[in-house]
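Observations on chain architecture
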Number of protein chains: 2
Amino acid sequence: MKHALSVTREQDFSAWYQAVISEADLAEESGVRGCMVIRPWGYGIWERIQALLDARIKATGHENCYFPLFIPLSYFEKEAEHVDGFAKEMAVVTHHRLIQKDGKLVPDPDAKLEEPLVVRPTSETVIGAAFSRWVQSWRDLPVLINQWANVVRWEMRTRMFLRTSEFLWQEGHTAHATVDEAMEETMKMLEVYRSFAEECVGLPVVAGEKPENERFPGAVATYSIEAMMQDGKALQAGTSHFLGTTFSQAQNIKFQNAEGSQELAQTTSWGMSTRMIGGLIMVHGDDDGLRVPPRVAPYQVVVVPMLRDNDEDAAILDYCGELVASLNELDAFREPVRALLDKRPAKAATKRWGWVKKGAPIVIEVGGRDVAGGNVSVIRRDRLYREDGKLDSQIVAKGDFVTGATAMLEDIQASLFADAKGRLDGSIDRSIGTLDALKAYFNASARPGWALVQWARPTGEALEKVVQWLKGEKLTLRNVPLDADAADGACIFTGGQAVERVLVGRSY
Amino acid sequence: MKHALSVTREQDFSAWYQAVISEADLAEESGVRGCMVIRPWGYGIWERIQALLDARIKATGHENCYFPLFIPLSYFEKEAEHVDGFAKEMAVVTHHRLIQKDGKLVPDPDAKLEEPLVVRPTSETVIGAAFSRWVQSWRDLPVLINQWANVVRWEMRTRMFLRTSEFLWQEGHTAHATVDEAMEETMKMLEVYRSFAEECVGLPVVAGEKPENERFPGAVATYSIEAMMQDGKALQAGTSHFLGTTFSQAQNIKFQNAEGSQELAQTTSWGMSTRMIGGLIMVHGDDDGLRVPPRVAPYQVVVVPMLRDNDEDAAILDYCGELVASLNELDAFREPVRALLDKRPAKAATKRWGWVKKGAPIVIEVGGRDVAGGNVSVIRRDRLYREDGKLDSQIVAKGDFVTGATAMLEDIQASLFADAKGRLDGSIDRSIGTLDALKAYFNASARPGWALVQWARPTGEALEKVVQWLKGEKLTLRNVPLDADAADGACIFTGGQAVERVLVGRSY
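Residues numbered from 1 in each chain as written. Chains lettered and ligands numbered in written order. Predicted model: local features only at pLDDT ≥ 70, side-chain atom pairs only at ≥ 80, totals over all residues. Heavy atoms only, no water.

**Overview of the domain arrangement of chain A**
A common way to report how large an interface is uses the accessible area buried once the components associate. All names here are of chain A. As assigned here, chain A comprises domain 1 (31-284), domain 2 (294-416) and domain 3 (428-505). Each of domain 1 and domain 3 has a C-alpha centre, and the two are 29 Å apart. At the junction of the two partners, domain 1 supplies 23 residues and domain 3 supplies 19 residues. Taken together, both faces of the contact between domain 1 and domain 3 bury some 1600 Å²; the carbon and sulfur share is 58%. Counting the contacts that link domain 1 with domain 3 gives two salt bridges. (Domains from an automatic or database assignment. Contact = heavy atoms within 4.5 Å. Buried area = accessible area lost by both parts, 1.4 Å probe. Salt bridge = Lys/Arg side-chain N within 4 Å of Asp/Glu carboxyl O.)

Encoded structure:
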């Protein structure tokens, strides 16, 4: 069967990923190291993610703020573990002026900053400093804030959406009076991410706690949602951290409690980024390009008129215009439907395949025969081909299509999720009890899934030994799923009594 | 009369401005040079500005994208005038790693970038480079894109919202086949800014062309909207630039025209920033704090229950909850009304004055007596006091208030604009014909308005002489209003035949 992309997932998953990004006009290299240009269709998906996630963040009582892009070095010096975690990948501003020298622009030596500034890799330190100003009494708690921002981590090997030097994200930061409240917040936001990823982006995930070696620098506990890509690899798609008093000690976030004595606040932070779009591509894409779940699709229905530069064209355009207008009056997922009439000057077949590659959930074609019969030709992006391998374009009465459009969009959303969920559930081996079996499982196939194994939760050096062994097999510990069965056997790594089950997989 | 702020506009406009920002919890100094923390109420206003302006930008056919924060030096070197305009105020990234040295964090000398990167002060160069990849044929034109982003200009003297080293904005960038189309775009976006400022933010403005000396570096023509603050000063609140082929030459944005030959594209750019919030404060604020026009108010109606820690409290809270629910079901300005029940643990009077200072358009108080009588006590922020100087709190039947809430919000929006419009129109002197009279006008009062004077539109050195004379009087040329009368007399500066009328004023 011929497909719209020149490379398939089977042939070369990595090249396929780049091809989807390019052919769907999602993003491109910018000429600036490690930074991408996010094009309208890619940015439109991000705007949908922002709108839906922002509403969920606000519904849980958080307010949006904006904090500075630049962070003085001294803020990092206050928390050793945090700076160690980020110092290797920071972009540092050292000058505030350029001059011409020998016909070239160079930083002006006379405009060297006294204290260099770091371009934020994350904002715990600068937001902690603000919290220390805002929090005086228990009455000021909790502080529940969030920001949508760009951050920079100077990655050595970059891949669009998955790992870029600059990326876009939201970062939530909160301060609480007690450990219990802060832990409740940490878990609440993890659940916001899980439900958002599954319900809006259609990404089934496993929510759980990261092992010690994978914690955020400075965190007491880190939780993640892990999604499985079609090559079986794990993508960490969102994290929620309980930070304890690490940052309140460093930044002096103290409050007077109800009894009148001073306490350190308990803080949390949590983030989800444009990496989510990488996950969406690798979970829902196929050999014809991207498939965007309707809830996050910039346009859910695209209408392509089949024009022939003759007298019929005006009638076709009128017919399409009315169709788009009636679709835009509908609601789906409790929002107005987003339909587009694609009037660009190009051949209908070119436009059809363009929208297939972009992954618009429903593509409608309308030619003279459709107008005469009162019909439309409907392509569902989630079911592109018939059993015989031909394009599955269904001719439907226009009125019937409009009446059923909401249900069809909801069905596409559900079917994309169900496909991915079936793949995830069917790709986690829960029966592996020895390291040899673990090794064999990951070597048995070019695209293994994950293994959920029992372990004793070693710490420190014992954990480091486990991590190194896994590294030799190109494996990583993903998380300890919240909903895993209790341990009832031996630790696969140490042979001792297991205390919980941990996910092992290859990762992005 | 006693007011909520400790300093009045009359006493010290600049101190009053800072007091409004602080007392309304809009923003604060961040501890990072020239960068502010935008707090939830300030950021909420920005989110409203974004939502309303973004819809207008999209309605004119533009799509959102995202381009890199960092721009290589070499991009600037290609366009001399542009780099000259910005080189003095650029933040420059020179290193990508930190190391510990003598117990301090310093940029790692081994991690020095081969080519330093500039933190974008504006994105013409990096977006121009993308346009050169995207544009091949006349069929690819126009390219109509916009981005919401943070930018950095290393300002020496900063003032919150008005001039900060980092600020938030949108920047539109477009490429066209012809000068006419690009000029049409430039004027269309100027009109988007004018109508947005007036209709949404309630800021009356004068739209016009900037004189040559005030052009954006690299622009062929720059247009602005100028708003008048309550101290009579002018604030440039949005700009739209016709860039001609300046950037398409530098970045090689060429297309094959319909006849098959190569042409340079004609480009435009246009921007509006968080400075708009500074304008909002200085146009609508009063001695009790901020007054936010309802269309951009994060909450339009705030309900404050007057609780007394007794049995009546539950009934009051129920009554308030129902009120807020019925308000939130209403529409105003074709959007759902935004009402909030303020349940925070504080005295009702403290909360009332908090919302007055924040400028919530309508503040409702509900006590036991109101519940018993089926009433609410209504404060309109635009008419805070009665003629006798007492707080104008009107007792109204709850049902009547709800029925009239949409009209009241629309009336507040209109009245804030009308007040400001009256002030603007009444503060432009159109009769001044000599430099002596001009000088006298600006010296006659501590808060002069503007003068619209006839001039010969001198250029080059002749213009520079005019600018220097004005500088001596602390005056600047604002713009040549689009709707000004034709010239019919002598140039106030040269005595020659005037060709148009130009606005003169003090500026921010």
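**Let's talk about the relation of the copies chain A and chain B**
For the pair chain A and chain B, the superposition axis carries a translation of 0.0 Å, the fit reaches an RMSD of 0.0 Å, and the rotation angle comes to 180 degrees. Taken together, the rotation and translation describe the operation of a two-fold axis. Taking the C-alpha atom as reference, chain A places Val 93 of chain A closest to the rotation axis, 2.1 Å from it. When the interface residues of chain A are mapped onto chain B, 100% of them are again interface residues, pointing to one common binding face. (Least-squares fit on C-alpha atoms with pLDDT ≥ 70 in both.)

**Section: the UniProt feature "domain: Aminoacyl-transfer RNA synthetases class-II family profile" (unreviewed entry) in chain A**
Sites flagged by UniProt as "domain: Aminoacyl-transfer RNA synthetases class-II family profile" (unreviewed entry) map to residues 28-293 of chain A. In residues 28-293 of chain A, the share of helix is 30% and the share of strand is 33%. The end C-alpha atoms are 22 Å apart. (UniProt positions renumbered as here; feature names shortened; annotations may be inferred. Helix = DSSP H or I, 4+ residues; strand = E, 2+ residues; numbered from the N terminus.)

**Some details on the packing of helix 2 (residues 40-59) of chain A against helix 6 (residues 179-199) of chain A**
Residues and elements named next belong to chain A. At a minimum axis distance of 11 Å, the contact between helix 2 and helix 6 shows a crossing angle of 145 degrees. Considering the relative orientation of helix 2 and helix 6, their crossing is right-handed. Residue-level contacts link Ile 49, Leu 52, Leu 53, Arg 56 and Ile 57 of helix 2 to Met 189, Val 192, Tyr 193, Ser 195, Phe 196 and Glu 199 of helix 6. Partitioning the contact of helix 2 with helix 6 into residue classes produces eight nonpolar, one polar and two charged. (Axes fitted to C-alpha atoms, helices over the stretch in contact; angles between N-to-C directions. Left-handed = near helix turned anticlockwise from the far one by under 90°. Nonpolar A, V, L, I, M, F, W, Y, C, P; charged D, E, K, R; others polar.)

**What to know about the sheet that holds strand 24 (residues 428-429) of chain A**
Residues and elements named next belong to chain A. Taken in spatial order, the four strands line up as 24-25-28-26 in an open sheet, and their pairing is mixed. Every interior strand has two partners, whereas the edge strands, strand 24 and strand 26 (476-477), have only one. Across the sheet, helix 13 (residues 435-443) touches strand 24, strand 25 (450-455) and strand 28 (500-505), and the angle it forms with strand 25 is around 170 degrees. (Pairing = 2+ DSSP bridges.)

**Things to note about the environment of Leu 168 of chain B**
Structurally, the position occupied by Leu 168 of chain B is in strand 10 (residues 166-176). Among all residues touching Leu 168 of chain B, those that are not within four sequence positions of it are Tyr 66 of chain A together with Ile 38, Tyr 43, Trp 46, Ala 149, Asn 150, Ser 273 and Thr 274 of chain B.

**What to know about the sheet that holds strand 28 (residues 500-505) of chain B**
All names here are of chain B. Read across the sheet, four strands follow the order 24-25-28-26 without closing on themselves; strand pairing throughout is mixed. The open sheet has two edge strands, strand 24 (428-429) and strand 26 (476-477), and neither has a second partner. In this sheet, strand 28 lies alongside strand 26 in antiparallel orientation, the contact comprising two bridges. Paired with Thr 476 across the two strands is Gly 505, which belongs to strand 28.

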